[in-house]
Structures are given as structure tokens and as C-alpha cells.
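These are the residues of each chain, in order.
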Amino acid sequence: MADRGDGRRAPAAGAALQLLPSVDRVMNEPASGALVARYGRAATLEAVRSVLADLRAALRGGHAVAPSDAGAVLRLAGTRLAAEMRPSQRRVFNLTGTVLHTNLGRALLPREAIEAALSVMGDAANLEYDLDTGSRGERDAHVRGWLTRLTGAESATVVNNNAAAVHLVLNTLAPGREVLVSRGELVEIGGAFRVPDIMARAGARLVEVGTTNRTHPRDYSDRIGAETALVMKVHTSNYAIQGFTASVDEHDLAAIAHKRDIPFVVDLGSGTLVDLARWGLPHEPMPQQALLAGADLVTFSGDKLLGGPQCGIVVGRADLVARLDKNPMKRALRLDKIRLAALEAVLRLYADPDRLAEKLPTLRLLTRPAAAIQALGESILPRLCAALGGRADVELAPCRSQIGSGALPVDLLPSHALVLKPRAGGARVPGDAVERLAAAFRRLPVPVIGRIGDGALHFDLRCLEDVDGFLGQLDALAD
Ligand SMILES: *Cc1c(COP(=O)(O)O)cnc(C)c1O
């Protein structure tokens, strides 16, 4: 825009530059007190300086700026501070239809776990201290008893996540040696967890057996040799191989491995400690079943179907778990007091399966009846329409929710979604209007995250529990 040739813009910019208030003038504005009280003097000063610097740069570049008296500069600084100081990680409404959404933080903790975590967060705790004897204790002891009780395992250990659990098992039991895995089980979970990569990083040598769709007992037994350290089964949690398929079940694999005195390990991924069929959900394999079938160790996540904090759990033979605990990697992967407290509280809920579906949010959301979700949709539809003020047509439509996080990949739960279709006009490309609508919902005080498909924005209501919070902020959509 600057026309340096005609010599008229530059003096005007120069005059405007002269008129910019000093930092002191801006800080002397009466309204600055509120910003200092809220954000502190240093941050307020820095924001004022950076606003003034931006205005100066804009004027020098020949750009027009809005009136920039001291009051206006202070208001700009206030807006900048509010944006800077807003927490980066915030609560959102997960209306994507995926209950255990990895990008949205997976399992929601039950009230009991939140309280347990809170009670140790700001205070000292007996994390590694035995209150009976007054001597040093062990951090995993807070959850080991529950894990062995609930799974029937001899022992258990916990680490940062299930990827860490698998890594620890391989790095402890198979460094420099061979691990047999079926070609049909070389899974990738969400990009960062790939069985061959974890294997290499843990220092173990992957030996692929069988083919992608069919693996037979002899594929394993023919390949076991002096270099074999482990036989491993990976639960194909996020996909299903259908058609002409064969795989070897845990029972037979355990027998093959044990005949040669080799431990058999199962990476279950999504471990549930109760049979989901009890609530009409599809059956998902449980660690206790893998152990009964003969697995020596089973690994699974704490924040998938278990419904707890992010962690990885290993249950199984006491001698093998003791070796895991002695690996220096265990120290690098261990849990902190906050997550241990939350995990312990979640495991305690499993002692009362009758009330689990009511208390554990993951199970409560997974078992929410489609009719209840439909009724919820009908009750909020008019409010949503009113808030949208003609920007979009809204209808309630049946849909299918996913469990997510690799659990039960092909089973979809009947649900209902509010489907928002932007009205014609406005956007040049129809897709843009949906994107803009989705962005408006993401800008709400508690961002609402849906799913875009078929030119519409879909809000699956399965995970909407805070209805008042959702409705109460819709007025802000108009802004
Ligand atoms: C999810 C999953 C993992 C990774 O677990 P994280 O807790 O995300 O680290 C590993 N293996 C299987 C089979 C899984 O399903």
C-alpha cells in the first residue's frame, strides 16, 4: 500500500508514529490496574510494548492503523494478554462419536479417581513409604494388589502407557534375541506405535511367521530355535482380517512356547477387566482370559476400555514381572503419584461390577441407550436451531458411534446425531460453509468438536452429559 514515490504517505506515517503514546502513558491509563491485577506487571508491560512495536512496524510499512491513543493501545494489550494467558489444553465437548478418542484424551476419569488424584496432588503422600513399618515402600504396591485380584495374575507392574509396557517386556526378556509374531499381527496403532519399530527400539529381533491372512501352529513351532526369546501375540485391536483367515489362539500358542520353555506374551492393547457382553456390548478379550489360556505376561492400556488414567499395565508371572521391575528402563517409565492414585481408585470400582456402568464414565457412555440419546437430541434440537438463527438447517438422525482407541474396531453402537447443514448462499464453495460452522463451534468457550461428512457437521450426542454447559454457551455462536 505504501507509495514511497509520491512522498505523501511517509510524512503521514511519521506524524502517526509521533502520535503513538509512550509505554508509560499507556500504563498510566486507569484501566491498566485491572490488567496488572489479573496478569501481573511484567506480562502487562510486555504486552503493551509488543502492541506498540506492532503499531510502529505497521505505520512504517505504510499500513493504516486504527486510532491508537493510550486507551486503545491498552485495550489491544488486554486482548493480547487474554489470548496468551488462555490455557493451551482445555476442556472440550467430544461430539465426534468416538468415545475413546485418542486426540481428545481417551478415557474420562470417574469422580472417585479425580478425588483420589486431587487428594495427593498438593500434599505429600505415602507414595513409596510403608505406613505400617515406617520404612521405605514401593510405589506400584498401591495398585498391584488390585491388579492381581482382578486379573488372577501372580504379579503386576505399571508404566507410562501400553507402548512403554510392550517396550519394557521386549527390552527385558528379548534383548538381541528373536521374538516370533504372526504377519497378521504387525499392527500400527495411531501412527506412532508400530510393532516392528517398537521391537527394533527395544533391541529385539522380530521374526515374522505365517502370512497376512493365515498363520498356523507349525509356522511358530518350525521357527522356534536357540535364538528365540519370546512368542508374542498382538491383539489386532484396530482392524479385522476377514475372509480366508486362520490364526493360532492363545491356548495353542502357549502350549507351543512352553514346550520349548519360552515365555508367551500377549499385547492386548485395550484391556477390559469385565465382560462387556454383560451390558450388551460386543465381547472384548480380557487379560484374565489370556492368562488362563497360558499367557505368561499380558500388556494393556489403562486409558482405553479400562477407563482410567494413561498408563500401561503388565500382569502375569511373578518371576518375569520381577525382571521387568529390575530393568533400569522401568525407572524411566514409572508412574507418578497422581496417576497411581487415579488408577487405584478406578480399579477399586471394579470390585463392584454392579455399579460400574453408572460410575465409570467410559462404560456409562458406551452403554448409553440409543433411545436416551435420541430423547436428548429431541430436547436440545429447538435450542440449537434458535442459536443458529438460520445459518444452518438442523435435524436429528440415527448414526453409529465408535468405541475408539483400537477397541472393537468393527462394532458400531447405535446412536443419534444432530446434523447441521449450512444454508445455501454466503460461501462460494459449499464445503467452506461447513468448515466455517465447525470453526465457530470450536471457538466457543468450551469448544465443541464434531465430525464433518457429506457437507454437514455431525454432533453425535452419545458423549454429551453436561447439557446445560453445552446449551448455555450457544449464544456466543452469534459473535
Ligand atoms: C493401543 C495399543 C497399544 C498402545 O497403547 P498406548 O497405551 O496407546 O501406548 C499397543 N498395542 C495395542 C494392541 C494397542 O491396542
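Computed from a predicted model, the values in this text were never measured in an experiment.

**Student:** Lay out the pairing of strand β4 (residues 155-159) with the relevant residues and their values.
**Tutor:** By the criterion of burial, β4 is predominantly enclosed, with five of the five residues buried. Residue alternation in β4 divides its side chains into two sets, Ser155, Thr157 and Val159 and Ala156 and Val158, and both sets are buried. Pairing of β4 with strand β12 (residues 312-316) involves five bridges; the strand directions are antiparallel. When the bridges of β12 are listed, valine 159 appears paired with glycine 312.

**Student:** So what about the packing of helix α8 (residues 162-173) against helix α13 (residues 318-326)? Which residues, and what values?
**Tutor:** Between α8 and α13, the least distance of the axes is 9 Å, while the angle of their chain directions is 95 degrees. The orientation of α8 relative to α13 falls into the category roughly perpendicular. The segment α8 lies against α13, with Leu168, Val169, Thr172 and Leu173 engaging Leu320, Arg323 and Leu324.

**Student:** Describe α13, and please don't skip the residues or the numbers.
**Tutor:** For α13, every residue scored as buried is listed here: Leu320, Val321 and Leu324. Angularly, the buried residues of α13 cover 100 degrees about the axis, an arc narrow enough to put them on a single face. Where the residues of α13 are buried, they touch β4, α8, β11 (297-301), β12 and α14 (328-333).

**Student:** Explain the domain arrangement of the chain residue by residue, including any values.
**Tutor:** In terms of domain boundaries, the chain breaks down into domain 1 (11-85), domain 2 (93-102 + 364-478) and domain 3 (111-359). Relative placement of domain 1 and domain 2: their C-alpha centres are 40 Å apart.

**Student:** Which residues make up the packing of aromatic side chains, and what are the values?
**Tutor:** All told, the structure shown has two aromatic pairs when counted by the stated rule. With a centroid separation of 5.6 Å and an interplanar angle of 85 degrees, the aromatic rings of phenylalanine 93 and phenylalanine 470 are classed as edge-to-face. Remark: phenylalanine 470 occurs in helix α20 (residues 467-472) and phenylalanine 93 occurs in strand β1 (residues 93-94); sequence separation between them is 377 residues. Of the residues examined, phenylalanine 93 reaches a relative accessible area of 5% and is grouped as buried. Here phenylalanine 441 and phenylalanine 459 contribute two aromatic rings whose centre-to-centre distance is 4.9 Å and whose plane-to-plane angle is 70 degrees, an arrangement assigned as edge-to-face.

**Student:** Just give me the short version of a positive patch on the surface, but keep the residues and values in it.
**Tutor:** Residues Arg391, Arg436, Arg442 and Arg443 make up a contiguous surface patch of positive charge. Along the chain, arginine 442 falls in helix α19 (residues 430-442).

**Student:** Account for the pairing of strand β14 (residues 413-422), naming residues and giving values.
**Tutor:** Here β14 lies mainly inside the structure; eight of its 10 residues are buried. The pairing of strand β13 (residues 392-401) with β14 spans 10 bridges and is classified as antiparallel. Bridge pairing in β14 links valine 394 to leucine 420. Inspection of the sheet shows β14 paired to strand β17 (residues 456-460) by four bridges, in the antiparallel sense. Bridge pairing in β17 links leucine 420 to leucine 457.

Thresholds applied
- Residues numbered from 1 in each chain as written.
- Predicted model: local features only at pLDDT ≥ 70, side-chain atom pairs only at ≥ 80, totals over all residues.
- Heavy atoms only, no water.
- Buried < 20%, exposed > 50% of the residue type's maximum accessible area, 1.4 Å probe, protein only.
- Helix = DSSP H or I, 4+ residues; strand = E, 2+ residues; numbered from the N terminus.
- Pairing = 2+ DSSP bridges.
- Axes fitted to C-alpha atoms, helices over the stretch in contact; angles between N-to-C directions.
- Parallel < 35°, antiparallel > 145°, perpendicular 65-115°, else oblique.
- Contact = heavy atoms within 4.5 Å.
- Arc of directions from axis to C-beta.
- Domains from an automatic or database assignment.
- Phe/Tyr/Trp six-rings, centres within 6.5 Å; stacked < 30°, edge-to-face > 60°.
- Patch = residues over 30% accessible without salt bridge, like charges linked within 9 Å, V, L, I, M, F, W, Y side chains within 5 Å.
- Areas by Shrake-Rupley, 256 points an atom, 1.4 Å probe, with all protein chains shown as cover.
- Salt bridge = Lys/Arg side-chain N within 4 Å of Asp/Glu carboxyl O.
- Lys, Arg positive; Asp, Glu negative; His and termini not counted.
- Charge placed at Lys NZ, Arg CZ, Asp CG, Glu CD.

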